[in-house]
Amino acid sequence: MEKKFKFEGAEYSTENLSEGITQRFLRLQFVQQKLQELQDNSALLNKAKNGYIEDLKSEIISGKLGVDLGDLLAD
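Small disclaimer: the values here were computed from a predicted structure and weren't measured.

Draft legend 1. View of the overall build of the protein. Within the protein, the secondary structure is distributed over two helices and two strands. Walking the protein from its N terminus toward its C terminus, one meets helices and strands in the order β-β-α-α. For the protein, with 75 residues in total, the buried portion stands at 7%. Accessible area of the protein: about 6,800 Å², with a carbon and sulfur share of 56%.

As structure tokens, then:
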């Protein structure tokens, strides 16, 4: 079965490429997948960081006011 892949807008068949080029392409795909995983993890960690910052701000404000804003804003 002929395998094809796209690279920079052009479609290539692995049958027409040397084994070395095919291996480099597979390594490129691996690196791209790992970079995407790292970007996803970074976004998740930033979201958690921002949540912790908001929690800290809320705690600091409630400490200064002597009132827990969570209790005031709760339904």
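Draft legend 2. Representation of the pairing of strand E1 (residues 4–7) in the model. The pairing of E1 with strand E2 (residues 10–13) spans four bridges and is classified as antiparallel. Following the sheet pairing, Lys6 is matched in E2 by Glu11. A loop of two residues connects E1 with E2, the two strands running antiparallel in sequence, and Glu8 in this loop sits at a positive phi of about 50°.

Draft legend 3. Geometry of a nonpolar patch on the surface. Judged by side-chain polarity, Phe30, Val31, Leu35 and Leu38 come together as a nonpolar surface patch covering roughly 400 Å² of accessible area. Assignment of secondary structure puts Val31 in helix H1 (residues 19–65).

Draft legend 4. Quick peek at the confidence of the model for the protein. In the predicted model, the protein carries a mean pLDDT of 84, and the fraction of residues at 70 or more is 85%. Taking the mean pLDDT of every element in the protein, the minimum, 66, falls on helix H2 (residues 69–73) and the maximum, 90, on H1.

Draft legend 5. Up close: the side chain of Thr22. Within the secondary structure, Thr22 sits in helix H1. With residues up to four places along the chain from it excluded, the contact list for Thr22 reads Thr14 and Leu17.

Draft legend 6. Broad picture of the pattern of salt bridges. With the rule as written, the count across this model stands at two salt bridges. Here Glu37 makes a salt bridge to Lys34, at a shortest N to O gap of 3.5 Å. Here Lys34 and Glu37 lie together in helix H1, a separation of three residues that amounts to about one turn. In this structure Lys34 comes out as partly exposed when scored by relative accessible area, which is 36%. A salt bridge links Lys57 to Glu54; the shortest N-O distance between them is 3.6 Å. Pair noted here: Lys57 and Glu54 are both in helix H1, with a separation of three residues, about one helical turn.

What counts and what doesn't
Residues numbered from 1 in each chain as written. Predicted model: local features only at pLDDT ≥ 70, side-chain atom pairs only at ≥ 80, totals over all residues. Heavy atoms only, no water. Helix = DSSP H or I, 4+ residues; strand = E, 2+ residues; numbered from the N terminus. Buried < 20%, exposed > 50% of the residue type's maximum accessible area, 1.4 Å probe, protein only. Areas by Shrake-Rupley, 256 points an atom, 1.4 Å probe, with all protein chains shown as cover. Pairing = 2+ DSSP bridges. Patch = residues over 30% accessible without salt bridge, like charges linked within 9 Å, V, L, I, M, F, W, Y side chains within 5 Å. Salt bridge = Lys/Arg side-chain N within 4 Å of Asp/Glu carboxyl O. pLDDT = per-residue confidence, 0-100. Contact = heavy atoms within 4.5 Å.

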